[in-house]
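Chain residues, written in single-letter form:
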Amino acid sequence: MADSLYDRLGGIDAITAVVGSFRDRVAGDDRINLKFARTDLARLTKMLIDQVCEATGGPCRYTGRSMKEAHASMGVTNGEFDALVEDLVATLNQFNVGKAEQDDLLGLLGPMKSEIVEVTSKEVGTPLPDAFQAAPAMRN
Ligand code: HEM
């Protein structure tokens, strides 16, 4: 049987390192970082690791909210979605992740776009609406 994408990415240690660096890159990106104003970053980091690990065939279980629920009333634009994907690709390049693995990962995440984008616009740096309800901070 062919190796899972999880294994080809380098398993949990590699995924953890990539997600941490991606999160830092997003935090420094004025095109999208306003959206994270009320977010518990420890929770977000854990959820992203679990989501990528599970989606790529690894031994994790994602326990977070659905993509629709997690991003509801956040007012994410097409331009902001594309900015986040750009940050992800830059991070994957930084970690020397191969083109085939990048394509496979983006193939898994790309279809989530319709559940995340709420505003048809190329605009970036739009504020987080007051109505947005952040997930509760992680306990432990
Ligand atoms: C394919 C692209 C994306 C994926 C796979 C993704 C994945 C996730 C996941 C797994 C969570 C955690 C949900 C939870 O805590 O229950 C989350 C939360 C979040 N996402 Fe995304 N996301 C994507 C795109 C975006 C974009 C484009 C933005 C904004 C520009 C964004 C902003 C956020 C914010 C601010 C949170 C935290 C919400 C909170 O505090 O409750 N995401 N995302």
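What counts, and at which threshold
- Residues numbered from 1 in each chain as written.
- Predicted model: local features only at pLDDT ≥ 70, side-chain atom pairs only at ≥ 80, totals over all residues.
- Heavy atoms only, no water.
- Near = heavy atom within 4 Å.
- Polar contact = N/O pair within 3.5 Å; in protein donor to acceptor, adjacent residues only side chain to side chain.
- 1 Å grid on protein atoms, 1.4 Å probe; cavity = no way out; pocket = protein on both sides within 12 Å on 5 of 7 lines; lining within 4 Å.
- Sits in = over half its atoms within 2 Å of the grid points.
- Helix = DSSP H or I, 4+ residues; strand = E, 2+ residues; numbered from the N terminus.
- Nonpolar A, V, L, I, M, F, W, Y, C, P; charged D, E, K, R; others polar.
- Donors = N, O, S within 2.8 Å, 3.2 Å for Na, K, Ca; no water.
- Points joined across faces, edges and corners; volume = space filled by probe spheres on them.
- Disulfide = S-S within 2.5 Å.
- Buried < 20%, exposed > 50% of the residue type's maximum accessible area, 1.4 Å probe, protein only.
- Salt bridge = Lys/Arg side-chain N within 4 Å of Asp/Glu carboxyl O.
- Core = buried A, V, L, I, M, F, W, Y, C linked by side-chain atoms within 4.5 Å.
- Contact = heavy atoms within 4.5 Å.

A.B. asks: For this particular structure, what's the right way to read the site of the ligand?
C.D. replies: Around the ligand, the structure places 26 residues, and the nearest of them are T39, R43, R65, H71 and A135. R43 places a polar side-chain atom, nitrogen or oxygen, 2.6 Å from an oxygen atom of the ligand. Contacts to the ligand include H71, whose side-chain N or O atom sits 2.9 Å from a nitrogen atom. For the ligand, the cavity whose grid points lie within 2 Å of the majority of its atoms is the largest pocket. The dominant element in the shell around the ligand, judged by the number of residues it contributes, is helix α3 (residues 41-55), at 5 residues. Split into classes, the residues belonging to the shell around the ligand amount to 18 nonpolar, 4 polar and 4 charged.

A.B. asks: How should the coordination of the iron atom of the ligand be read in this particular structure?
C.D. replies: Ideal geometry at a metal gives 109.5 degrees between four tetrahedral donors and either 90 or 180 degrees between six octahedral ones. On the protein, H71 (NE2) is the one donor atom to the iron atom of the ligand, at 2.1 Å. In this structure, H71 sits in the loop between α4 (67-70) and α5 (78-94).

A.B. asks: Would you take a moment to explain the layout of surface pockets for this structure?
C.D. replies: When its volume is computed, the largest pocket comes out at roughly 1100 Å³. F36, L44, L48, H71 and L84 are, among the 46 residues lining the largest pocket, the residues nearest its centre. Broken down by secondary-structure element, the contributors of at least two residues to the lining of the largest pocket are α2 (11-27), α3, α4, α5 and α6 (99-109). No other element matches α2, which puts 8 residues into the lining of the largest pocket. Residue composition of the lining of the largest pocket, grouped by class: 34 nonpolar, 5 polar and 7 charged.

A.B. asks: When you look at the state of the cysteines in this model, what are you seeing that I'm missing?
C.D. replies: Linking two cysteines covalently via their sulfur atoms produces the bond known as a disulfide. Tallied over the entire structure, the rule returns 1 disulfide. One disulfide bridge connects C53 with C60, the sulfur atoms lying 2.0 Å from each other. Judged by the torsion about the S-S bond (80°), the C53/C60 disulfide is right-handed. Of the residues examined, C53 reaches a relative accessible area of 0% and is grouped as buried.

A.B. asks: I would appreciate a short explanation of the pattern of salt bridges in the present structure.
C.D. replies: Close approach of charged atoms allows side chains with opposite charge to pair. Taken as a whole, this structure holds 10 salt bridges when the rule is applied. Of the charged contacts in the structure, one is a salt bridge between R8 and E101, with a shortest N-O distance of 3.1 Å. Placement of the pair is R8 in helix α1 (residues 5-9) and E101 in helix α6, with a sequence separation of 93 residues. Among the salt bridges present, the one from K46 reaches D50, with a minimum N-O distance of 2.6 Å.

A.B. asks: Looking at this structure, I do not really get the nonpolar core. What am I missing?
C.D. replies: Soluble globular proteins tend to bury their nonpolar side chains together. Ranked by internal contacts, the top residues of the largest apolar core, which has 18 residues, are L9, I15, L92 and L105. Residue assignment for this core shows that the elements contributing at least two residues are α1, α2, α3 and α5. Per-element tally for this core: the top contributor is α2, with 5 residues. Once residues within four sequence positions are removed from consideration, L105 is found in contact with L5, V52, T56 and L92. Counting residues in hydrophobic clusters, the runner-up holds 9 residues, among them V76, F81, M112 and I116.

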